[in-house]
Every structure is written in structure tokens, then in C-alpha cells.
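Remarks on the overall topology
Letter by letter, the chains look like this.
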Amino acid sequence: MRVLAREQASKGDDSSKGEPGRFERQRQEKLSAIRQMGIDPYGGRYEGAESAADIRSGYKEDDESQRAKCAGRITLLRDIGKLIFMTIRDWSGTIQVGLSKKLMGERWPLAKLLELGDIIGAAGKLGKTKTGEITIWADEVTMLSKSLLHPPEKFHGLSDIDLRYRQRYVDLWSNPEVMELFKKRSAILSTIREYLKGLGFIEVETPMMQSIAGGAAAKPFITHHNSLGMDLFLRIAPELFLKRLLVGGMEKVFEINRNFRNEGLSRQHNPEFTMLELYQAYADYNVMMDLTEEVTCLLVEKYCEDTKVRFGDTSIDFARPWRRSSYAELLAKYSGCDIDDIDSLRKKAAELGIEQAQMDDTVVVHEVFEATVEKNLSNPTFVIDYPAALCPLTKTKRDNEAYAERFELYVAGMELANAYTELNDPAVQEENFRLQLRGQAESMATMDSDFVTALKYGMPPAGGLGIGIDRLVMVLTGATSIRDVVLFPLLKPTTDWDPKRDKSRLGTP
RNA sequence: GGGUGAUUAGCUCAGUCGGUAGAGCAGCUGACUCUUAAUCAGCCGGUCGCAGGUUCGAAUCCUGCAUCACCCA
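Okay, so let's go over this structure. (Residues numbered from 1 in each chain as written. Chains lettered and ligands numbered in written order. Predicted model: local features only at pLDDT ≥ 70, side-chain atom pairs only at ≥ 80, totals over all residues. Heavy atoms only, no water.)

Broken down by element type, chain A carries 17 helices and 19 strands. Referenced to the eigenvectors of the C-alpha coordinate spread, the extents of chain A come out at roughly 85 × 60 × 50 Å. Taking all 509 residues of chain A together, 47% fall into the buried category. Pairs at least 24 apart in sequence give 64% of the contacts found in chain A among residues at least 6 apart. Accessible surface computed for chain A: about 26300 Å², of which carbon and sulfur atoms make up 50%. Here chain A holds 68 positive side-chain charges and 77 negative ones, and the gap between their average locations is 7 Å. (Helix = DSSP H or I, 4+ residues; strand = E, 2+ residues; numbered from the N terminus. Buried < 20%, exposed > 50% of the residue type's maximum accessible area, 1.4 Å probe, protein only. Contact = heavy atoms within 4.5 Å. Areas by Shrake-Rupley, 256 points an atom, 1.4 Å probe, with all protein chains shown as cover. Lys, Arg positive; Asp, Glu negative; His and termini not counted. Charge placed at Lys NZ, Arg CZ, Asp CG, Glu CD.)

The next thing to look at is empty space enclosed by the protein. If you walk through the whole model with that rule in mind, you get one cavity of 30 Å³ or more. Estimated volume of the largest cavity: approximately 30 Å³. Along its surface, the largest cavity is lined by Q210, I212, G214, G215, A237, P238, E239, L240, F241 and D448. For the lining of the largest cavity, the class distribution of residues is five nonpolar, three polar and two charged. (1 Å grid on protein atoms, 1.4 Å probe; cavity = no way out; pocket = protein on both sides within 12 Å on 5 of 7 lines; lining within 4 Å. Points joined across faces, edges and corners; volume = space filled by probe spheres on them. Nonpolar A, V, L, I, M, F, W, Y, C, P; charged D, E, K, R; others polar.)

Further remarks concern the sheet that holds strand 9 (residues 230–234). The strand order across the open sheet built from three strands is 7-9-8, with neighbouring strands paired in antiparallel fashion. Edge strands, defined here as strands with exactly one partner in the open sheet, are strand 7 (209–210) and strand 8 (222–225). Across four bridges, the pairing between strand 8 and strand 9 is antiparallel. In the sheet register, H224 faces strand 9, and the bridge partner there is D231. (Pairing = 2+ DSSP bridges.)

Once that is clear, we can look at the environment of L31. Summarising the element assignment, L31 is placed in helix 2 (residues 22–36). Since its relative accessible area comes to 5%, L31 is described here as buried. As for L31 and S145, which are separated by 114 residues in sequence, their C-alpha atoms are 9.8 Å apart. With sequence-adjacent residues up to four places away left out, L31 is seen in contact with P41, Y42, K146 and L148.

Turning our attention to the pattern of salt bridges. One pass over the full model with this rule turns up 33 salt bridges. Put simply, E115 and R27 hold a salt bridge, and the shortest N to O gap is 3.9 Å. Of this pair, E115 sits in the loop between helix 5 (108–113) and strand 4 (119–128) while R27 is found in helix 2, placing the two residues 88 residues apart along the sequence. Assigned by exposure class, E115 and R27 land together as buried. Connected via shared salt-bridge partners are R27, K30, E115, D118 and K146. (Salt bridge = Lys/Arg side-chain N within 4 Å of Asp/Glu carboxyl O.)

Closest axis-to-axis distance for the helix 12 (residues 342–351)/helix 13 (residues 361–372) pair is 9 Å, and the angle between their directions is 55 degrees. Our classification of the angle between helix 12 and helix 13 gives oblique. The element helix 12 and its partner helix 13 pack so that their crossing is left-handed. Contacts between helix 12 and helix 13 involve I342, L345, R346, K348 and A349 from the former and D361, V364, V365, V368 and T372 from the latter. Across the contact of helix 12 with helix 13, the residue classes break down as six nonpolar, one polar and three charged. (Axes fitted to C-alpha atoms, helices over the stretch in contact; angles between N-to-C directions. Parallel < 35°, antiparallel > 145°, perpendicular 65-115°, else oblique. Left-handed = near helix turned anticlockwise from the far one by under 90°.)

Take the environment of I88 next. Its place among the elements puts I88 in strand 2 (residues 83–90). With a relative accessible area of 1%, I88 lands in the buried category. Separated by 34 residues in the primary sequence, I88 and A122 have C-alpha atoms spaced 9.3 Å apart. Among all residues touching I88, those that are not within four sequence positions of it are C70, A71, G72, R73, I74, G93, T94, I95, V97 and I120.

In the structure shown here, the tally under the stated rule is eight aromatic pairs. Judged by centre distance (6.1 Å) and plane angle (55 degrees), the ring pair of F318 and W322 falls under tilted. Residue classification places F318 among the buried residues on the basis of a relative accessible area of 1%. On the basis of relative accessibility, which here comes to 5%, the residue W322 falls in the buried class. Counting every residue linked through ring pairs, the aromatic cluster contains F318, W322, F382 and F407. Looking at K69, its charged tip hangs above the ring of Y46, at a distance of 4.7 Å from the centre. Its guanidinium or amino end placed over the ring of W173, R73 lies 4.2 Å from that ring's centre, counting from NZ or CZ. (Phe/Tyr/Trp six-rings, centres within 6.5 Å; stacked < 30°, edge-to-face > 60°. Lys NZ or Arg CZ within 6 Å of the ring centre and 35° of its normal.)

This part is about a negative patch on the surface. On the surface, D338, D340, D341 and D343 cluster together into a negatively charged patch. Within the fold, D341 resides in the loop between helix 11 (327–335) and helix 12. Its relative accessible area of 33% is what places D341 among the partly exposed residues. (Patch = residues over 30% accessible without salt bridge, like charges linked within 9 Å, V, L, I, M, F, W, Y side chains within 5 Å.)

What follows covers the packing of helix 14 (residues 426–437) against helix 15 (residues 449–457). Describing two packed helices takes the angle between their axes plus the distance from one axis to the other. The N-to-C vectors of helix 14 and helix 15 enclose an angle of 165 degrees; their axes lie 9 Å apart at closest approach. Accordingly, the angle class assigned to the pair helix 14 and helix 15 is roughly antiparallel. You can see that helix 14 and helix 15 cross each other, and the crossing is right-handed. When helix 14 is examined against helix 15, the residues P426, Q429, E430 and F433 are found in contact with a partner set consisting of F451, V452, L455 and K456. Broken down by class, the residue content of the contact of helix 14 with helix 15 amounts to five nonpolar, one polar and two charged.

What follows covers the pairing of strand 17 (residues 400–411). Burial of strand 17 is extensive: nine of the twelve residues sit out of reach of the surface. Summarising the sheet, strand 15 (residues 381–387) and strand 17 pair through six bridges and their orientation is antiparallel. Bridging from a neighbouring strand, P387 pairs with Y403 of strand 17. Bridge count between strand 16 (residues 396–397) and strand 17: two bridges; the pairing is antiparallel. Bridge pairing in strand 17 places K397 opposite N400. Examined bridge by bridge, strand 17 and strand 18 (residues 414–421) share six bridges and lie antiparallel to one another. In the sheet register, F407 faces strand 18, and the bridge partner there is A419. Here strand 17 folds back onto strand 18, and the loop between the two strands holds two residues, one of which, A412, carries a positive phi near 55 degrees.

Now the structure itself:
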């Protein structure tokens, strides 16, 4: 990867690290010149500016007295001598500002000092140029923030993928489609919240720091509380707390928040990721399936041009109804193995290079499922009725205790959602916890006996659903890497990183 | 964890057989009152990711390390 711009700027003509580079010094000189003109280069409250998009759409051809006021960053600059055109970008788009020596008068020297990256406000008559571009002919220009670092190339923007993630603040304004994507992500979340509230759900917040990391099978991050002298886990799932709320009498709850899993990074995995979890009393996994399909299709309708959405070099067809197939059917179709034929499944696992000697039969089955089925599920597919052994928090099917009332939704080969008919029998739950704990390290796995206590008071039968929001945004926007839909994805530090430091910073006395 | 590739100017990228570093953009100087990635002329700008090695000579070949990307587990 490349060194950060700031560090790179300090190379070359500077011997010591941290000193400003050539370009930064030039910009510092302009900043000083602005100060000498009695102007604060960092501005202040600036009122009355309209968005660039509103200015454009509000332009009236026949109104010669129309004025406009904008604020934003200079992203293009064309200096024609006594006339300067600049393209100002705000988060709605761009608007052209024309600065002329005649209109600027004694402020003209300021206009000449402005450069790419500076943030300014401008006001003046709104008109069109000879070539038809809507333009604010500025008679007032306000310096709002001097940019001291060199902007990326004006045409290609910032394209180094590593730099884009590390300096998202530059990526956002130099690559407008990135801004659009994150605005869309926010809109998607708003739509989900509105939809759920419309169904009578309430949004809640449950602990991110938990003394027992439950609700999923994943390695947790461990942190430490100094005054209590105890380790805590960052949550891997909110499930067990949300279900306590069902016990408490909250009938429809949801939470949209971060989960943390101490596992590998990939195009589909960031260690912290945003999860929607919801629970509905008196429902089951069929209700959850309908809800998942409804809300996703609503989002596709709202945020995609068509039910067919491009994703990498494939396309996803969200047209309803979505396929619903049982786990066993799909396993048979794609691995060629019968789910009850463990010998052939172990043989298949061996062919696939899965280290399965130490694994329970059910784990082997699931490994084969993951290796053979998942990548084939491109269009939305509900995989229903999982082997009960994989589902310690799920009610089993009434007619067959070997299977649980659980589905996972797969799209583009990714697990997008996971839902159960929630197990509400405390005795069965306690037994499942015991089975789950067997053979695990003591520190990692503790029985959540309070959750069992809660169930003993009585939890209504319920459907529960989790949707991976980052992955949902990926399929809705065609982003093939989770890092493209997370503003600040986790990256390794590039410099001055000492692994020893981390221990000492934990704060253990 | 393994494999492959990438890392060159502020940014976007070239760099042939190993012969001593290039372009565009931006920056600086100058010209220009209707430009649209403005244009024109001139100029500046590099520890070629880092550390070693081979060689008369390394951006180029070799080893190690770092970060990123992709593939595999």
C-alpha cells in the first residue's frame, strides 16, 4: 500500500518526520496571506446557503434578480485571468460559481488565493453563462475553511483502494458515488425503521458489553472493566437480551446495532458489523420469512432500478416469490449426499479438504453444506429447517425433532438473514446450553443461567429474525466488498504500531 | 494460515534486455472577462514501500519484512 498522504507530503525536501511538505508549505503561505487580509481562514457560522441541487432546480430563466447562496468545497477551478470559474461541491452535487474582478472589487485578491480543496461560501445573482451553465455570479465570497493538504487528482479522484478506506474523509468528497452510497445506506436504515415501526415494533438498545457472550457461536472480543476488576465481552449478538424483553412483555422489539466477532476479515466479514435483530411474540419463523421478504422487496423497489440488481459480474433477481428449499434438499442437490448418510458426507468432506476427524457428525454436515451449497444460492433463497443440533436456541419441528424451525436467507452466496421460531421451553434450553458448553474452554463459555431463569417465568412463543445490514446494503447497492459499505472498515495500522503497546493500554492495574 | 499480484512525484499511471526516472493532472511564473477535466508558454517536483543481498551498475534480479487486493483453507 501507499504511505498516507500526510506522511508522504513530509518526504522529499524535509529531513524530519512530521514537518509539512512542499505543497503544505505553499498552502500555509496562502493561509497567512488570507490572515493578513484580515480574513479568518476557518470561517464560522454560515447561514442561508441552499444546496447545490436546490439552487439548480430552483433556477428561473426569466428572473434576472434571482440570487443564490451556496457553501462547499472547491473541486474544480478555471482561472481565466480577471474571471474565475469554480465548481463548488456540497453533498447534494455541484454548482458553478463565477468570480469576476469587477464584481469582487477589493475582495479580488482573496479570489485569486482560493485553490482546490478550500471550503467557501458564495452568494450573488443566479444566472446562466454563455454556454448555458447555471452559475452564481458571486459578489460575496466567504472563506470557510482553508485546505492545507493537496487534493487528489481532479478527474480520477482517489482511487487507491487502501487510501480510500484509510482516508474516507477524502474519498467521500472526491468520489461522489461514495457519498451517494452512504446516503443510500442511511436512507435504507430509515426505511427499515419506518417499516418496523409501522408494524408496531419498538426500537430498543441492549448491552454491547456483556459478562457472558451468548446468542451465537462466535469468538468474542474481550475487554476489561477496571473498577469492577472484571473482563467483559463485546457482544456477538443481542439475542438473549432481546428475548428477555419478550419475557418482560414487550411484544415486538427490534435493535439495529453493532455486533463484534473476533474472527477473520474478508469481503463479507468486518469484525464489527451492523445487525438488525427483531422479535415478535406469538409469531414463528414463517412470519419472519414473510417479513424478511416484504421488507427486502420494499427496499429493492425503493432503492434499486429493477428487481434485477447487478452484483459483481452476476445479477440478483429479487422478483417474488423467493425460493424456499429445505436444508436437506439443497444439501442433496449440491453435494449429492443424503443428509442422513454420514459416511458419504464424511467422504465428501474429505474430498473437499475439510479437516473433519475431530468434528461431530452435525458439524461435518454443515461444513459440507457451506462448502457446496452456499456459493450456488445467488438469487434470494430461504434455506429452511436446519438440523436441530445446529440450533440450540430454536424450537424443533413438531413433526420431526431432528429439525429446527429455522431459516437462513442467502443472496449472492452470502448469508443475509437468520431466523427461528424461538425456543421457549426452559428445560430444553438449559439442556441445549449444557450440550453447547461441553468441550469448550471455561473462559469462553458460561451458562447464561439468568436467561434460563427468564424463560422459567415464561416467554411467549415468538419468531426472531436477524438481518446483516452491511450485507443487505451490499446487495442493494451492488458493492461486492463489505468495506465499501462500512464508512471506516477495520484496517491494520500502517506506522508506529507496536504490538507491546496494546497490552499496556488495556489498563490492567 | 497458504498462494498470486500490487506498492514509482501530492494524485492517476507508464517505465522494454539490469545501464542511473517519465507522462497527465495539481503546484509555481506569465498570458487570458464565459470556462466546463478551461487553454497556451515556461518551470519546479522522486530515499522507485522498508531492510538486506547479487552485480562494475538495481525501480528492474534474489531474500526477508510491511500494507493492500484477489484466490484458497
